[in-house]
Amino acid sequence: MRIRFPLLALTSLGALSACATETVPMCRAPMAYEMAAFSAIISHSETAVTDAMAPGALQNAFISRDPMVRSHVWGAEGNTRGTVTGMLSQPPLCIFDDPGFVATEAARQILVYPQRAHDRVAPPVETPLLDAPLPWGTYRGDYMTCRFEQTATGWKLADLCGYRMPASPSVTG
């Protein structure tokens, strides 16, 4: 009988912990493919950035040196506030899988925080996640999103961390 009581207590404790409220997640370091893309951007190596990007219209715009794309990534006239480079230039980085994006085998999206910004805007760790859902803070001020797509050569940056291609002007008759 003495052996059964501790076993019963452990089983009950396990059942109670399974019902525990999920709290805000801890951030993680960038994965190798994420860090490769970020390093390419920080290094200002156009070849490395091109290699880190998924093929498509945005990669073509980057290769052709579209000024809007370049401004999004590297800023303009020395101003990098709110740019990809400005965000990535504040290591260490704090990464979360974006809960607002349904990850698949072909695409995933992450939230990228400079650690200092994360520490400023994140709720206390014991806060229930339902009370403080991600993302926290101001988009492009405290964090940015980066979407990656699976390609024939691995995971590649698909959106240059939030860049949206302008819509083509419609032709009206």
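Look above for the structure.
All values derive from a computational prediction rather than experimental measurement.

Trainee: Explain the side chain of glutamine 59 here, please?
Mentor: Along the polypeptide, glutamine 59 turns up in helix α4 (residues 57-63). When its relative accessible area of 13% is taken as the criterion, glutamine 59 is described as buried. For glutamine 59, the contacting residues outside a window of four places in its chain are Thr50, Met53 and Ala54.

Trainee: Explanation requested: the state of the cysteines in the structure shown.
Mentor: Note on terminology: disulfide describes a covalent bond linking the sulfur atoms of two cysteines. Per the counting criterion, the structure on display carries two disulfides. One disulfide bridge connects cysteine 146 with cysteine 161, the sulfur atoms lying 2.0 Å from each other. Between cysteine 146 and cysteine 161, the disulfide has an S-S torsion of 105° and is therefore right-handed. Residue cysteine 146 is found in strand β3 (residues 144-151), and its partner cysteine 161 is found in the segment after β4 (154-157); the two are separated by 15 residues along the sequence. On the basis of relative accessible area, cysteine 161 is assigned to the buried category, the value being 0%. Regarding the disulfides, the protein carries the connectivity 1-2, 3-4 under sequence-order numbering of its bonded cysteines.

Trainee: Could you clarify how one ought to interpret the nonpolar core in this entry?
Mentor: It is characteristic of soluble globular proteins that their nonpolar side chains tend to be buried jointly. Core analysis: the largest hydrophobic core is formed by 29 residues, its most contacted members being Phe38, Ile41, Val112, Cys146, Phe148 and Leu160. With five residues, helix α2 (residues 32-43) is the single largest residue contributor to this core. Leaving out residues up to four positions away in the same chain, cysteine 146 has contacts with Phe38, Arg108, Gln109, Ile110, Val112, Leu157, Asp159 and Cys161.

Trainee: What am I meant to see in α2 here?
Mentor: Three or four residues apart is the spacing at which side chains of an α-helix point the same way, because the helix has 3.6 residues per turn. Taking 1.5 Å per residue, 12 residues should reach 16 Å; α2 reaches 16 Å between its end C-alpha atoms and fits that length. Phi turns positive, to about 60°, at histidine 44, one or two residues after α2.

Trainee: What's the story with the environment of tryptophan 74 in this structure? I'm lost.
Mentor: Within the secondary structure, tryptophan 74 sits in helix α5 (residues 67-74). Sequence-wise, tryptophan 74 and histidine 44 are 30 residues apart; in three dimensions their C-alpha atoms are separated by 8.0 Å. Beyond its immediate sequence surroundings of up to four residues, tryptophan 74 is in contact with Ile41, His44, Glu46, Val49, Phe62, Asn79, Thr80, Thr83 and Thr85. Within polar-contact distance, the side chain of tryptophan 74 engages the side chain of histidine 44 at 3.3 Å.

Trainee: Any chance you could explain the sheet that holds β3 here in plain terms?
Mentor: What holds strands together in a sheet is hydrogen bonding between their backbones, with the strands either parallel or antiparallel. Strand order in the open sheet formed by four strands is β1-β2-β3-β4, and the pairing between neighbours is antiparallel. This sheet does not close on itself; its edge strands, each paired only once, are β1 (93-97) and β4. Sheet twist, expressed as the mean angle between neighbouring strand axes with direction ignored, is 35°. Bridge count for β1 against strand β2 (residues 107-114) is five bridges, and the pairing is antiparallel. What sits directly across from isoleucine 95, in β2, is valine 112. Where α2 meets the sheet, it contacts β1, β2, β3 and β4, and its direction lies at approximately 115° from that of β3.

Trainee: Would you explain the pattern of salt bridges in this entry?
Mentor: Opposite charge on two side chains permits them to pair, given that their charged atoms come into close proximity. Applying the stated criterion to the full structure yields seven salt bridges. A salt bridge links glutamate 46 to arginine 65, with the shortest nitrogen-to-oxygen separation between them at 3.1 Å. With glutamate 46 in helix α3 (residues 46-52) and arginine 65 in the loop between α4 and α5, this pair connects stretches of sequence that are 19 residues apart. Here glutamate 46 falls in the partly exposed class, since its relative accessible area comes to 23%. The partner of arginine 164 in a salt bridge is aspartate 159, with the nearest N and O atoms 3.8 Å apart. Sharing partners across several salt bridges, the network here consists of Arg28, Glu34 and Asp97.

The rules behind these values
Counting restarts for each chain: residues are numbered from 1 in the order of the written sequence. Where local features are concerned, this predicted model is filtered to residues with pLDDT of at least 70; where side-chain atom pairs are given and counted, the filter is 80 or more; whole-chain, interface and lining totals use all residues. Note that the side-chain values use all heavy atoms of the structure and ignore hydrogens as well as water. Labels follow the DSSP assignment, with helices taken as runs of H or I lasting at least four residues and strands as runs of E lasting at least two, numbered in each case from the N terminus. Three exposure classes are used, based on accessible area relative to the maximum for each residue type with a 1.4 Å probe and protein chains only: buried under 20%, partly exposed in between, and exposed over 50%. By definition, residues are in contact when any of their heavy atoms lie within 4.5 Å. What counts as a disulfide here is a pair of cysteine sulfur atoms lying within 2.5 Å. Among buried residues, those of type Ala, Val, Leu, Ile, Met, Phe, Trp, Tyr and Cys that are joined through side-chain atoms within 4.5 Å constitute a nonpolar core. Helix span, as expected, comes to 1.5 Å for every residue beyond the first. Under this definition, polar contacts are N or O atom pairs within 3.5 Å; protein pairs additionally need one hydrogen-donor-capable and one acceptor-capable atom, and for neighbouring residues in sequence, both atoms have to be side-chain atoms. In this description, strands pair whenever DSSP reports at least two bridges between them. The angle between two axes is taken between their N-to-C directions and runs from 0 to 180 degrees, where each axis is a line fitted to C-alpha atoms and a helix contributes only its stretch in contact. A side-chain nitrogen of Lys or Arg and a carboxyl oxygen of Asp or Glu constitute a salt bridge if their distance falls within 4 Å.

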